[in-house]
Amino acid sequence: MKLLLIIGSIVLPILMVVLQRKWSKIRIIFDLMAILSALIFGNISSIAIFEIIKDDKVFMTNIHAVFLNPIFLMTGAYLGLYFLYVLVLRVINDKN
């Protein structure tokens, strides 16, 4: 599983760059998905922290319970891939 995560974090951003070079409109989709993911990711984080502070239950188990939310994990994973995709794009564009 660890190897799959490492390989995916290398291959998927490169695949995103290739797709973006082939279909220029897909770049807008990648960007919109990143905006939506950032909104969802941030809202889940802030709501979880708000509830912990409101209930006065600042325990490590309560704080880390947000990591059990699959939507939080998916949006965070996409943001990580998108960040690497943007970095690869910058390297390629700066090289040219």
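Residues numbered from 1 in each chain as written. Predicted model: local features only at pLDDT ≥ 70, side-chain atom pairs only at ≥ 80, totals over all residues. Heavy atoms only, no water.

**Quick notes on the overall build of the protein chain**
Part 1 of the argument: Scanning the protein chain from N- to C-terminus turns up four helices and zero strands.
Part 2 of the argument: Ordered by position in the sequence, the α and β elements of the protein chain form the string α-α-α-α.
Part 3 of the argument: For 96 residues, the compact-globule estimate of 2.2 N^0.38 gives 12 Å, and the protein chain exceeds it by more than 25% at 17 Å.
Part 4 of the argument: The principal-axis extents of the C-alpha atoms in the protein chain amount to approximately 55 × 30 × 20 Å.
Part 5 of the argument: Per-residue burial over the protein chain gives 20% buried out of 96 residues.
Part 6 of the argument: For the protein chain, the accessible surface area stands at approximately 7,500 Å², while carbon and sulfur atoms represent 75% of it. (Helix = DSSP H or I, 4+ residues; strand = E, 2+ residues; numbered from the N terminus. Rg over C-alpha atoms; globule rule 2.2 N^0.38 Å. Buried < 20%, exposed > 50% of the residue type's maximum accessible area, 1.4 Å probe, protein only. Areas by Shrake-Rupley, 256 points an atom, 1.4 Å probe, with all protein chains shown as cover.)

**Focus on the packing of helix H1 (residues 2-22) against helix H2 (residues 26-54)**
Part 1 of the argument: Where H1 meets H2, the closest approach of the two axes is 8 Å, and the angle between their N-to-C directions is 135°. One element, H1, and the other, H2, form an angle in the oblique class. Residues Met16, Leu19 and Gln20 of H1 form the contact with H2, whose participating residues are Ile26, Arg27 and Phe30.
Part 2 of the argument: Here the contact of H1 with H2 is built from residues that sort into four nonpolar, one polar and one charged. (Axes fitted to C-alpha atoms, helices over the stretch in contact; angles between N-to-C directions. Parallel < 35°, antiparallel > 145°, perpendicular 65-115°, else oblique. Contact = heavy atoms within 4.5 Å. Nonpolar A, V, L, I, M, F, W, Y, C, P; charged D, E, K, R; others polar.)

**Regarding the nonpolar core**
Part 1 of the argument: Judged by nonpolar contacts, Met16, Val17, Ile26, Phe30, Ala34, Tyr78, Leu81, Tyr82, Tyr85 and Leu89 together constitute the single largest core of 10 residues.
Part 2 of the argument: Listing elements by their share of this core, those giving two or more residues are H1, H2 and helix H4 (70-95).
Part 3 of the argument: At five residues, H4 tops the list of elements feeding residues into this core.
Part 4 of the argument: What leucine 81 contacts, discounting residues up to four positions off in sequence, is Gly8, Ser9, Leu12, Pro13 and Met16. (Core = buried A, V, L, I, M, F, W, Y, C linked by side-chain atoms within 4.5 Å.)

**Side note on the confidence of the model for the protein chain**
Part 1 of the argument: Residue-level pLDDT values for the protein chain average 91, and 96% of them are 70 or greater.
Part 2 of the argument: Of all helices and strands in the protein chain, the one with the weakest mean pLDDT is helix H3 (residues 60-64) (73), whereas H4 scores best (94). (pLDDT = per-residue confidence, 0-100.)

**Some thoughts on the side chain of glutamine 20**
Part 1 of the argument: Note that glutamine 20 resides in helix H1.
Part 2 of the argument: Excluding anything up to four places from it in sequence, glutamine 20 contacts Ile26, Arg27, Tyr85 and Leu89.

**Here's the deal with the environment of glutamine 20**
Part 1 of the argument: A residue is classified by how much of its surface remains accessible, and glutamine 20, at 8% relative accessible area, is buried.
Part 2 of the argument: It is 9.7 Å that separates the C-alpha atoms of glutamine 20 and leucine 89, two residues lying 69 residues apart in sequence.

**With respect to the environment of alanine 48**
Part 1 of the argument: Note that alanine 48 resides in helix H2.
Part 2 of the argument: Alanine 48 sits 14 residues away from asparagine 62 along the chain, and the two C-alpha atoms are 8.7 Å apart.

**Digging into H1**
Part 1 of the argument: Compared with the 30 Å implied by 1.5 Å per residue over 21 residues, the 30 Å span of H1 between its first and last C-alpha is a close match.
Part 2 of the argument: The largest bend in H1 amounts to roughly 30° and is located at glycine 8.
Part 3 of the argument: Buried within H1 we find Pro13, Met16, Val17 and Gln20.
Part 4 of the argument: In this fold, the buried residues of H1 make contact with H2 and H4. (Expected span 1.5 Å × (residues − 1). Bend = angle between axes of the 7 residues up to and from the residue.)

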